[in-house]
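Spelled out, the chains give:
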Amino acid sequence: MLRIDGLSAWYGEAQVLREVSLEVAKGEIVTLVGRNGAGKTTLLRSMMGLHGRSSGVVEFLGQDVSGQATHRRVRRGLGYVPDDRGVYATLSVEENLTLPPAVGPDPWSLDQVYETFPRLRERRRSPGTKLSGGEQQMLALARVLRMGARLLLCDEPTEGLSPLIVQQIGSILRDVKEQGVTVLLIEQNVHFAQTVADRHYLLAEGRIVESLENSEMRARENELLEYLGI
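First, a word on what this report is: a plain description of the structure on this page. Predicted model, so just to flag it, every value in this text is computed and none were measured.

### Some details on the pairing of strand S2 (residues 14–24)
Where strand S1 (residues 2–11) lies against S2, 7 bridges are found, and the strand directions are antiparallel. Note on S2: the bridge partner recorded for alanine 9 is leucine 17. If you look at the hairpin formed by S1 and S2, you'll find 2 residues sitting between the two strands, and glycine 12 has a positive phi there, around 65°.

### Topic: the nonpolar core
Among the nonpolar cores identified, the biggest contains 33 residues, and Val113, Phe117, Leu120, Leu152 and Leu173 are the most heavily contacted of them. Those elements that provide at least two residues to this core are helix H3 (93–98), helix H4 (110–116), helix H6 (133–146), strand S7 (151–155), helix H7 (163–178), strand S8 (182–186) and helix H8 (190–196). Residue contributions to this core peak at 7 residues, all from H6. When neighbours within four sequence positions are excluded, leucine 120 is seen to be in contact with Val93, Val113, Tyr114, Glu135, Met138, Leu139 and Ala142. Counting 27 residues, the second largest nonpolar core, distinct from the first, contains Met48, Val58, Leu78 and Leu151.

### Considering empty space enclosed by the protein
Tallied over the full model, the rule gives 1 cavity of 30 Å³ or more. Computed from the structure, the largest cavity encloses a volume of approximately 40 Å³. Looking at the largest cavity, the residues that line it are Val33, His200, Tyr201, Leu202, Leu212, Met217, Leu224 and Leu228. For the lining of the largest cavity, the secondary structure elements donating two or more residues are strand S9 (199–204) and helix H10 (221–228). Counting residues per element, the lining of the largest cavity draws most heavily on S9, which supplies 3 residues. Class assignment of the residues belonging to the lining of the largest cavity gives a composition of 7 nonpolar, 1 polar and no charged.

### Regarding the packing of aromatic side chains
For any pair of aromatic rings, the description rests on two quantities: the centre-to-centre distance and the angle between the ring planes. Enumeration according to the criterion identifies 0 aromatic pairs in this entry. Its guanidinium or amino end placed over the ring of tryptophan 10, arginine 53 lies 4.5 Å from that ring's centre, counting from NZ or CZ.

Calculation rules
Residues numbered from 1 in each chain as written. Predicted model: local features only at pLDDT ≥ 70, side-chain atom pairs only at ≥ 80, totals over all residues. Heavy atoms only, no water. Pairing = 2+ DSSP bridges. Helix = DSSP H or I, 4+ residues; strand = E, 2+ residues; numbered from the N terminus. Core = buried A, V, L, I, M, F, W, Y, C linked by side-chain atoms within 4.5 Å. Buried < 20%, exposed > 50% of the residue type's maximum accessible area, 1.4 Å probe, protein only. Contact = heavy atoms within 4.5 Å. 1 Å grid on protein atoms, 1.4 Å probe; cavity = no way out; pocket = protein on both sides within 12 Å on 5 of 7 lines; lining within 4 Å. Points joined across faces, edges and corners; volume = space filled by probe spheres on them. Nonpolar A, V, L, I, M, F, W, Y, C, P; charged D, E, K, R; others polar. Phe/Tyr/Trp six-rings, centres within 6.5 Å; stacked < 30°, edge-to-face > 60°. Lys NZ or Arg CZ within 6 Å of the ring centre and 35° of its normal.

Shown next as structure tokens:
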């Protein structure tokens, strides 16, 4: 579904990504694991056409979208959930869900959103300022699905959340996968990554240094935690 080939990116003269290549198949959940500063967020932003200076191939559903503007990538079904969640503070949950247009190929209905995210149904009239961190994360995920994303690019969806809410986010991601959505997520929580993902890429100093099946991740968990400084 997604193929990245030789993707490099810079901030000024400093090169952040170095010839990154990876693939994500339809229906997979794949994590991108690495230390802070490894280039993970820059990689997702480059896939969306949001990073200023980059090179390489971004192929989505068999088409090279590298030269396309961000809004055209969104219309094809790429959806980006940033780490700051981007919730509109003064709008209600339902207004946050319905304000962005459904431009992608497979937009979810409000009923479908509320079935997968029952907490959002309960909070549908609450403004963004009244939501907990977990509720904001659910809203950020649901809003992109409402817009019609086929592939979610998620940046640290569990950051700063309690263990109970992390479990809920994991359950939601598994439900989303069952409904045909593919997910590529940045994740520092190695244990959580094992509970949701099929495969893992390890990013270090702007390069993909390893590709791991879930069984390999489990067997090497202590080693990876030490490597990541966690």
